[in-house]
Structures are given as structure tokens and as C-alpha cells.
Amino acid sequence: MDNMQAALELGQKPVGRLLWQYALPAIVAMTASSLYNIIDRAFIGQVVGPEAIAGLGITFPFMNLSAAFGAAVGVGASTCISVKLGQKDYKTAENLLGNTVTLNLIVGFLFMVVCLLFLNPILRFFGASDATLPYAREFMIVILLGNMVTHMYFGMNAVLRAAGKPRHAMYATLFTVGMNILLVIAFVWWFRWGIRGAALATVTSQSLALCWQMWIFSDQRELLHLKRGIYKLKANLVRNIIAIGISPFLMNVTSCVIVIFMNNQFVRYGGDMAVGAYSIANSMAMVFFMFVMGMNQGMQPIVGYNYGAEKFDRMLRCLWQTIAVATSILLVGWALAMLFPMQIARIFTTDETLLQLSARGIRLDMLVFPIIASQAVITNFFQCIGKVKISIFLSLTRQLLMLLPLAYLLPLWMDLDGVWYSMPASDFGSFAMTLPILWWYLRKLRTYGK
């Protein structure tokens, strides 16, 4: 099926079938990616040691910061492409594709250079201690050297989904994950290259997947394809990409700030092992939250297209179905976290101290897990329809307005438990703020349209 037919289906096919058609490949891809992260951390924890997994936790802010710049381009461009396809403005959609390539190269290169120049001070600021700094530095040098590939890989996957090729995006991710796992086994377990081997496996697998993505977009039979004349940056297109992408950018930057702060709080109140437990608890939560991210990715082209085509009933039907499925998924994750925290922690480590900290951390981190689904989906909904200010506000609510002050204040009374309890408390508070905003927008939509 070519891009034209796939784009037209976004406004015609039953919403339920369409949502699963787009969301299922994204869910499979995102879940596979999260499982890879678990396998990666498990190998590092079991083969290299508990200090290495704590060092890996220090790199989370770096990964979030890199993802922030990638999302500003990839998500912004894919949303703009979806809307333009809904408006049948195919020439602009193609120029957006070319500008996406150029922006990813520029942003990826600048991020790599700046971070490599100041790597040690940045890692210290992120919470690295004398014990964890060597592991974090060794991992990030390789990741940063491959940063341009990473940005381009994620950007092209987002455009594949927007262009009506969700299965191709899934295949790219599945290939990356499968190759990653094989290379981690070879580099970390067989060759004993340690944490550097895990980073090298990530960059190598993404590079191979990117080659395939670019081959797809080189096919001139496709509605959207790479050709001369589309790579020169155009101010109006760049402004539109950044205007949409600023919301996920700020969300990821905020995540970076929060993880930095949380790492420092965990070091202060619990030491390096508490940072390791935070890393393990985050890995568990992300396995299930990746399902929600997959649903959001599946929702994005459907909502964007139908908003552009002014088919608001289909747009809202997609929103409600996404919320229902996402909530059900996180409910399953919550049940597993409450019932089997110790068994989950044993996947990552055999160190008894880290086991106890991680098991308790998993339960506290996911205490109100199911309600996160609505907040995440609604925030993504406003991003998909170009309501940037609302999306930014909702993105910042949970982390900056809720989590940051709670993570500072609660430990003053509750010590290490206060750091853990700040996460479910902020989840509940942001959920309570999101619903009234959605209700207000729906009333406005019924009265005035867009």
C-alpha cells in the first residue's frame, strides 16, 4: 500500500481498527525496546556488578536530554506531516521530510560536540560519585559519538508512522532490538567489554536500522521520498516543527532535570545503591509505560489527520479508546509490581542490599501507576492537534510543578522513603489537574469548533 492510500484510510477506516493498525506495531516496537533495556541492565548488573548499574542510572538524564532534542525534530515533523497529509498538501509534507533530515544532522552533531567537551562535569552534576563516574563516562562516550545516528534513526521512525507505514517503523525497531540483544551478549558476556560493549551494541544496531529506513525513503514510487530540493531549511517549516516539537522537548528536558535531581536525592539519602534501585524501578515501570507510548504513537497520525480534515467525532473516538486501553495496560503493570517486586528485582542483581532497596522502590514508584495513562494520553492528544501551550503545561505539571518540590520536601520528614513517595504523589496531583483541562477543551470544541 502506498502513502496516498494509507493517508486516505486515516479519515475513512473505522477508528478502532485503525487505532490497532497503527498502535500495535508501535506497541510491539516500544515493548521490544523496553525489554532490550531490561536485558541490557540485567547483563550489566549480573556480569559487571552493582556499581555499573548505578553508573548506568546516572546516564538516564543524558539519554533524556538527547531524546528531548530528537523529539523536538522527530515528533514535531511527524505531527506536521500528518496534518498536511490530512489537508492533502503533499508538496509541503515532502519538504517537511527533507527538513527533518537536515535538522536531525545539525542538532545531533551539536549535541555530541558540546557534551563530549564537558562530559566529566556534566556527569558529576548528574549525580556521579567516584565509584560510578568511570562506568557512566565509558558508556556515554560511545553513545555520544553515535548521537547523530540515534537522532536520525528516531526521527525517521516517527516520519514512517506519519507517512502511513507503522509496520515499517515496527520492523526497524524490532531489528534494532534484536540486533542489540545479540551484540550485547557478544560484547558484554562473550568479549567482556563491559559497559562500553553495551553502548557499542546500541549504536551499531541503530546504524544498521537507519540504513534500511533511508533505503525506504529513497524509493521514488513513494508519495514521500528523498530527492533534491527538499533539504534546504525553510523558516516557516522549521518554525512549525519546533512549535509542535517544543512540548515533547520540554517534557524530555524536564525528565532530565528531574532524574538529575532524583539521582542526587537518592545519593544524599541512600547512597549509590539507592541510585541503582531507582534505575531498576524505572526499568520496570518503563516496560509498561512503553505500551502507553506505543498507543500514543499509534494515536498521533489518526488524531492529527482527522483534526486537519475537521472530522472531530473520529478524533475524539480515537482519544477515548486510547485512554481505555492505556489504563488497562498500566493496571496489569501495577498488579505485578505490588505482587512480585522481589522477583522482578532479582532479574537485575543478586546483591542483597540492592535487592531489598529495589523491591521496595518498585512498589512505591508504581503505587498509583494506572492513573498515569490518562495524563500521558491527554497530553499527547493536545500535542497532536497543535495545542502547544496546553500540551506544554500538562507536560510540566507532573514533574516541575509537582515532583520537584515534593522530592525536596518529603525527604526532610521521611528520609529515603520521602524520595520514593514523591513520585506517586506527583502522579496523582497531575492526574487531578489534567481532567478539568480536557473537559474545558471539549466544551470549547462543541461550541466553536477548532
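The model shown is predicted, which means the values in this text are computed figures rather than measured ones. (Residues numbered from 1 in each chain as written. Predicted model: local features only at pLDDT ≥ 70, side-chain atom pairs only at ≥ 80, totals over all residues. Heavy atoms only, no water.)

(A) Expanded view of the nonpolar core. Residues Phe62, Leu123, Phe266, Met315, Phe381, Phe382 and Trp420 are the most contacted members of the largest nonpolar core, which totals 137 residues. At 19 residues, helix H12 (residues 272-308) tops the list of elements feeding residues into this core. Ignoring any residue separated from it by four or fewer positions in sequence, one finds Phe381 in contact with Met299, Val303, Met315, Leu316, Leu319, Leu438 and Tyr441. (Core = buried A, V, L, I, M, F, W, Y, C linked by side-chain atoms within 4.5 Å. Buried < 20%, exposed > 50% of the residue type's maximum accessible area, 1.4 Å probe, protein only. Helix = DSSP H or I, 4+ residues; strand = E, 2+ residues; numbered from the N terminus. Contact = heavy atoms within 4.5 Å.)

(B) Seen up close, helix H17 (residues 388-414). Here H17 spans 37 Å end to end across 27 residues, near enough to the 39 Å set by a 1.5 Å rise per residue. Thr397 marks the point of greatest bend in H17, at about 55 degrees. Of the residues flanking the end of H17, it is Asp415, one or two places downstream, whose phi is positive at about 60 degrees. (Expected span 1.5 Å × (residues − 1). Bend = angle between axes of the 7 residues up to and from the residue.)

(C) Expanded view of unusual backbone geometry. Even without being a glycine, Arg192 presents a positive backbone phi close to 60 degrees. With respect to the helices and strands, the residue Arg192 is situated in the loop between helix H9 (166-190) and helix H10 (194-217). Phi is positive for Asp415, which is not a glycine, with a value near 60 degrees. Residue Asp415 is classed as partly exposed on the basis of its relative accessible area, which comes to 42%.

(D) Region of interest: the side chain of Thr176. Along the chain, Thr176 falls in helix H9. Among the polar contacts listed, one links the side chain of Thr176 to the backbone oxygen of Ala172, at a separation of 2.7 Å. Not counting the four nearest positions on each side in its chain, Thr176 is found in contact with Tyr153, Ser205, Gln206 and Ala209. (Polar contact = N/O pair within 3.5 Å; in protein donor to acceptor, adjacent residues only side chain to side chain.)

(E) Molecular detail of the packing of H12 against helix H15 (residues 352-365). Two numbers describe how H12 lies on H15: the axes approach to 8 Å, and their chain directions differ by 45 degrees. Relative to H15, H12 is oriented oblique. Considering how the two elements wind past one another, H12 and H15 form a crossing that is right-handed. For the pair formed by H12 and H15, the contact residues are Met273, Ala274, Gly276, Ala277, Ile280, Ala281, Asn282, Met284 and Ala285 on the first element and Thr353, Leu354, Leu357, Ser358, Gly361, Ile362 and Asp365 on the second. Looking at side-chain class alone, the contact of H12 with H15 contains 10 nonpolar, 5 polar and 1 charged residues. (Axes fitted to C-alpha atoms, helices over the stretch in contact; angles between N-to-C directions. Parallel < 35°, antiparallel > 145°, perpendicular 65-115°, else oblique. Left-handed = near helix turned anticlockwise from the far one by under 90°. Nonpolar A, V, L, I, M, F, W, Y, C, P; charged D, E, K, R; others polar.)

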